[in-house]
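# Close look at the chain arrangement
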Amino acid sequence: MLTYMEVHLYYTLPPIIVLYLIARPLISTFDRIKIITICALALIYTTPWDNYIIYHKAWWYRKDAVIGTIGYVPIEEYMFFIIQTIFTSLWTICCSRWTLQSLYLRNKESSKFQLIKHVGCLLILSIILWAWFNATPATKLFYLCTITWWALLIVVILWYIASSFVVQCYQQILCSVVFPSFYLCYVDVIALRAKVWHINESTSLEIFVVDELPLEEVVFFFITNFLVVIGAAAFDQANAVINTYFRESIQPNSKEGYFSKLESLLTATIYHQQKLDDTIIDDLAACVDILNEGSKTFSVAANCFPNAVRQDLTTLYAFCRVTDDMVDNEHSMELKTHRLKVIEEFLDQLFANRVNVYNYTWKVTSNSEPSIDWNYFRKQLTDKQLRSFRGIARISFYLPQEPFYELVKGYKWDIDGRMTHSENDLIEYSKYVASSVATLCTFLFCHKCREWPDQMGPKSISMLENARKMGLVLQICNISRDIITDSETLGRCYIPNNYLKNGELKHLMEKRPNNIPNMELKKYSERMLDIADGLASEAMHAINLLPAECQRGVLSALEAYQGIGKLIRSNAKYERRTTLTKMEKIVIVFKCMYVINVPL
Ligand SMILES: CC(C)=CCC/C(C)=C/C=C/C(C)=C/C=C/C(C)=C/C=C/C=C(C)/C=C/C=C(C)/C=C/C1=C(C)CCCC1(C)C
C-alpha cells in the first residue's frame, strides 16, 4: 500500500525538482526571500488549523501510512504545507517573469480599482462570516466552512493590500493558480484511492467533482494556491514599490540580510497604502515602449534580468535611445547642435552637485538631490523625451557622470561629421557611444544587486574594463551590420576609411551604397567583425565578475550580437539589415539560461 511519504516521493517532489531546474536561472535573491517567508507563514498559519480539523475528525489518515505525528498532524502533512508552497511559488515565478511588475502599481487610486478593492473586501468578509457561523463540528458544512474562513481571512488582508496590482496582472495570477491546483487535485485522487487519507463523510457535503474527489478538496487546493499566489504578488508589489519609489543607499557593499530586507518590504507595503505619484510609472511605461520599439534584441534579453535590474536598465536604454534620436533625427545643423546643447544642459544640472569625478576608481558621491529646471526642459522636449529624462534623473544618483559626457562626445562626433579614418577612430567612436553605456550598465548591475567584486579594487577595475570592451563588441557588430542603412538614411560611414577603395567613401556618404559591389561591403563588414570577435573573446572571461543574477542576461545580449555577426559571415550576400528571427533570439536566450554554465 502507498504510504504518505511515497506520495511525496513519487508525486510531489519530482515536479518540484523539475520546476526548480526550469526556474533556477530566473530565481533572484528576492525570490528566495519571498519563498522562504511564505513557507514559514504557511507552516505557522496552517499548523493550528490542521490540528483543529483532525481533532474534529474532518479527515483522518491510515495509521500505517505515516511515519509519525506532531500533535494530531502527521509529519508528512507538515511537509506538504511547505511542498505545496514551494511548488506553487516556483510555478508563479515562471508565470510572472515576462513583464515589468512595477507597471502594475499604476491606477490604484482610480475609482475602478477602489471599487474592486472595497467591494471585494466586503464580499470576502461576508463569505468569512457565513463560513464562520456554519463551521460547526460534526455537521455536513464543517469541513468546507473551516477551510473557507481560515483561508479567506488572509485573502481579505492581501486583497486589501494588493488588489489593484493583482487585478492588473490577473492573467498571470490565474495561470499561476490553475495549473498547480489541478495537479494537486490529481495527487489527492491518487492518495484518496490508496486510502492514505480519507475525508470524513459526516462532516463533508459528499459532492464529488470527479469520481472520488470531494468538492471540499478542490476548494481547498484552489483557495490555498490563490493564497500563496497573492501572497507572492504582495511581495512582488512591495519589491516594485522599492524599485520605483525608494532611493536605496549607495553604499557599494551593503548586502542586506534577510530580516532587514523583510523590514524594507514591510515598509514598502505600508508606504504603498498612501496616495503615490503615478507619473513615475507612466514615465517607466514610456521607457518600456521605447525599448520595445527600439531594440527587439534587448527587449528579449531584458527578460533574463531580475525585475529590479530590468527596470533601471529599461530607463537607461530609453535615455540613450532618445538622446541619440534627438540628434540623429534632426535635419538642420542648427537644430542638431541645439538638441545636443539641451542634453548637455540637462547633464550639467543633473550632476551639478557631484563631489567626485569619475576616474575608474571612483565612487559615486553626491551631496543632495539634483535640482533640475523641469519647466525649461518641458519646453525643449517632446513628451517621450521628457519622460525618459525624468526616468534617468531618478536613477542617476548611483551612476557616474563621466560616461554620460562620453555619450555627448559621441553625438558630437556625428554632428561634426567626423570621419573614422582608421580602426583607432572606429574604436574611439565606439568607446564614446558604447563603452560609456557598458560602464553605466555595470554600475547599474552592481548597485542593484549590491555586489561589487571588491571595494573598487583590481577585480572591479578589470570588470569595468572588460565591460567597456563588451560595449565595443556590441557597437562594432552593429556598425558591421548597418553599413547600408547608415549610408542610406544618414549618409554616414563608420568603416575605417583606410579599408576603402577609391570613390567608395564618396558613394557611402552620398547615400549610394549599392554602387559598391556587395562582396566588397561583406568583406569590410567581416573585417570589422574580426575586431569585435577578438575583443569578445578577451572580455567574455570577465562576465563571471558581474553579479551572478546579471550574468546570463549580459551573455544573451552578447551572444545575440555575435549571432548577427555569424549570420553576416554565413550569408552569401551582404543584406541591407541582417537580423535574427524572434525564434533565433529565444533560442539564444534559452541557451544562455540553461545550456551554458555561468560562470564561464
Ligand atoms: C511580509 C512582508 C515583510 C511584506 C510583504 C508583503 C506582504 C504583506 C506579504 C504577505 C504575504 C502573506 C501573508 C502570505 C501568506 C501565505 C500563507 C498563509 C500561505 C498558506 C499556505 C498554506 C498551505 C500551502 C497549506 C497546505 C496544506 C495542505 C497541503 C494540506 C493538505 C491536506 C491533506 C494532505 C489531506 C486532506 C486534508 C488537507 C486538505 C488538509
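Reading guide: rules and limits
Note on numbering: residues in each chain are counted from 1, in written sequence order. Restriction of local features to residues with pLDDT of at least 70 applies here, the model being predicted, together with a cutoff of 80 or more for giving and counting side-chain atom pairs; totals for whole chains, interfaces and linings are based on all residues. Only hydrogens and water are removed before side-chain values are computed, so all heavy atoms of the structure are retained for them. UniProt positions are given in the numbering used here, feature names are shortened, and annotations may be inferred rather than shown by experiment. Aromatic rings from Phe, Tyr and Trp, with only the six-membered ring used for Trp, were paired whenever their centres fell within 6.5 Å, and each pair was classed as stacked if the ring planes differed by under 30 degrees, edge-to-face if by over 60, and tilted otherwise. Here a strand is any run of E in DSSP of at least two residues, a helix any run of H or I of at least four, and the numbering for each starts at the N terminus. Exposure is judged per residue with a 1.4 Å probe applied to protein chains only, and the accessible area is read against the type maximum: over 50% gives exposed, under 20% gives buried, and values in between give partly exposed. The domain boundaries here were taken from an automatic or database domain assignment. Contacts: residue pairs with any heavy atoms within 4.5 Å of one another. What gets called buried area is simply the loss in accessible area from a 1.4 Å probe that two parts show on being joined, summed for both. Here, a salt bridge means any Lys or Arg side-chain nitrogen found within 4 Å of an Asp or Glu carboxyl oxygen. A 3.5 Å cut-off defines polar contacts: any pair of N or O atoms within that distance qualifies, except that in protein one atom must be a possible hydrogen donor and the other a possible acceptor, and neighbouring residues in sequence count only when both atoms are side-chain atoms.

Within an unreviewed UniProt entry, the label attached to the protein chain reads Bifunctional lycopene cyclase/phytoene synthase, and the organism entered is Pseudolycoriella hygida. Taken from UniProt, the Subcellular location (unreviewed entry) comment for the protein chain reads in full: "Membrane".

This next bit is on the packing of aromatic side chains. One pass over the full model with this rule turns up 42 aromatic pairs. Judged by centre distance (5.7 Å) and plane angle (10°), the rings of W49 and F220 are stacked. Residue W49 is located in helix 2 (residues 29-55), and its partner F220 is located in helix 7 (residues 215-245); the two are separated by 171 residues in the primary sequence. Note on accessibility: W49 and F220 belong to one class, buried. Each ring, one from F443 and one from W452, has its centre 5.0 Å from the other, and the planes form 75°; the classification is edge-to-face. Across the pair, exposure class does not vary: F443 and W452 are buried alike. In this structure an aromatic cluster arises from ring pairing among Y4, Y45, W49, F80, W150, W197, F220 and F221.

Each assigned domain of the protein chain is listed here: domain 1 (4-101 + 168-245 + 256-271) and domain 2 (279-595). Computed over C-alpha atoms only, the centres of domain 1 and domain 2 are separated by 43 Å. Counting residues at the interface gives 15 residues for domain 1 and 19 residues for domain 2. Together, the buried faces of domain 1 and domain 2 total about 1600 Å²; carbon and sulfur atoms form 52% of this surface. Taken together, the connections running from domain 1 to domain 2 amount to zero salt bridges. At the boundary of domain 1 with domain 2, the tally comes to seven residue pairs in polar contact (both at pLDDT 80 or more). Elements with a minimum of two residues in the side of domain 1 that touches domain 2: helix 1 (4-23) and helix 7. When residues in the side of domain 1 that touches domain 2 are grouped by element, the largest group, three residues, is from helix 7.

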